[in-house]
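Notes for the structure review
Chain by chain, the residues run as shown.
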Amino acid sequence: MVERDLILDGNHVPSYDEILDYMNQPARILWQEMNSFIQQRYNTSPKITYSKCSGKPGWNVKYQKSGRSLCTLYPEQEGFVVLVVITLELMPVIEGISTEFHPSILEMIRTAKPLNGTVWLMIPVEDQVILDDVKQLLLLKHENKKRSSKCNA
């Protein structure tokens, strides 16, 4: 019998714990830290969804705040990928604090192709440094949205 991959098996909706068990250490620790950070900082709950997207098919964990996408986490056995969409207006802010980011993250941001005033970043999280950079991007993204909505009010 061929064992099916939990993440790619669209016929079985995995629980959060099954996704956690699917991952190896140290990825599991980073995954838990990321999820805890999002849930506590943004007071939101994970939503497990299945994507048929050819770029990253399989089960993922989406987070939304006020009906808008915050980020999506794509679990893998040896790590995970975080999709963060940032607006082009945030680019000068990121450049202004560029020394705070790992060079690989900066390169990803700088070479991302803009789409409708945004850049879509698929960031592989393999260590604490990259995880901290992803958190920083989320904080910048959320703070920028709060500032923009106050200006438009």
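Use the structure listed above.
All residue numbers refer to positions counted from 1 along the written sequence of the respective chain. Residue-level local features of this predicted model are given only where pLDDT is at least 70; pairs of side-chain atoms are given and counted only at 80 or more, and the full residue set underlies all totals for whole chains, interfaces and linings. Processing note: side-chain calculations cover all non-hydrogen atoms of the structure and skip hydrogens and water entirely.

1. Comments concerning the pattern of salt bridges
What counts as a salt bridge is simple: a side-chain nitrogen of Lys or Arg found within 4 Å of a carboxyl oxygen of Asp or Glu. Applying the stated rule across the entire model yields three salt bridges. With a closest N to O distance of 2.5 Å, Lys135 and Glu33 form a salt bridge. With Lys135 in helix H5 (residues 128–152) and Glu33 in helix H2 (residues 27–42), the pair connects residues that are 102 residues apart, well separated along the chain. Type-normalised accessible area, obtained with a 1.4 Å probe on protein chains alone, sets the label of each residue: buried when under 20%, exposed when over 50%, and partly exposed for intermediate values. Given the relative accessible area of 14%, Lys135 is considered buried. Exposure remark for Glu33: the relative accessible area of 26% places this residue in the partly exposed category. The partner of Lys56 in a salt bridge is Glu76, with the nearest N and O atoms 2.4 Å apart. With a gap of 20 residues between them, Lys56 in the loop between strand S1 (47–51) and strand S2 (58–65) and Glu76 in strand S3 (residues 68–76) connect regions that are remote in the sequence. For Glu76, a relative accessible area of 30% translates into the label partly exposed. Put simply, DSSP H or I for four residues or longer makes a helix, DSSP E for two residues or longer makes a strand, and each gets a number counted from the N terminus.

2. Comments concerning the sheet that holds S3
Note: two strands are recorded as paired if DSSP finds a minimum of 2 bridges between them. With respect to topology, five strands assemble into an open sheet ordered S1-S2-S3-S4-S5, the strand pairing being antiparallel. The open sheet has two free edges, formed respectively by S1 and strand S5 (118–125), since each of these has just one partner strand. Neighbouring strand axes in the sheet, compared pairwise and without regard to direction, differ in orientation by 30 degrees on average. Bridging between S1 and S2 involves five bridges; their strand directions are antiparallel. Bridged to Tyr50 within S2 is Trp59. In this analysis an axis means a line fitted to C-alpha atoms, helices contributing only their contacting stretch, and an angle means the value between N-to-C directions, from 0 to 180 degrees.

3. With respect to the packing of aromatic side chains
Centres within 6.5 Å make a pair out of two Phe, Tyr or Trp rings, where for Trp the six-membered ring is used; the pair is then stacked when the planes are under 30 degrees apart, edge-to-face when over 60, and tilted otherwise. Tallied over the entire structure, the rule returns four aromatic pairs. When the centroid spacing of 6.2 Å and the interplanar angle of 85 degrees are considered together, the rings of Phe37 and Tyr42 count as edge-to-face. Taking relative accessible area as the criterion, Phe37 reaches 16% and is therefore assigned buried. For Tyr42, a relative accessible area of 2% gives the class buried.

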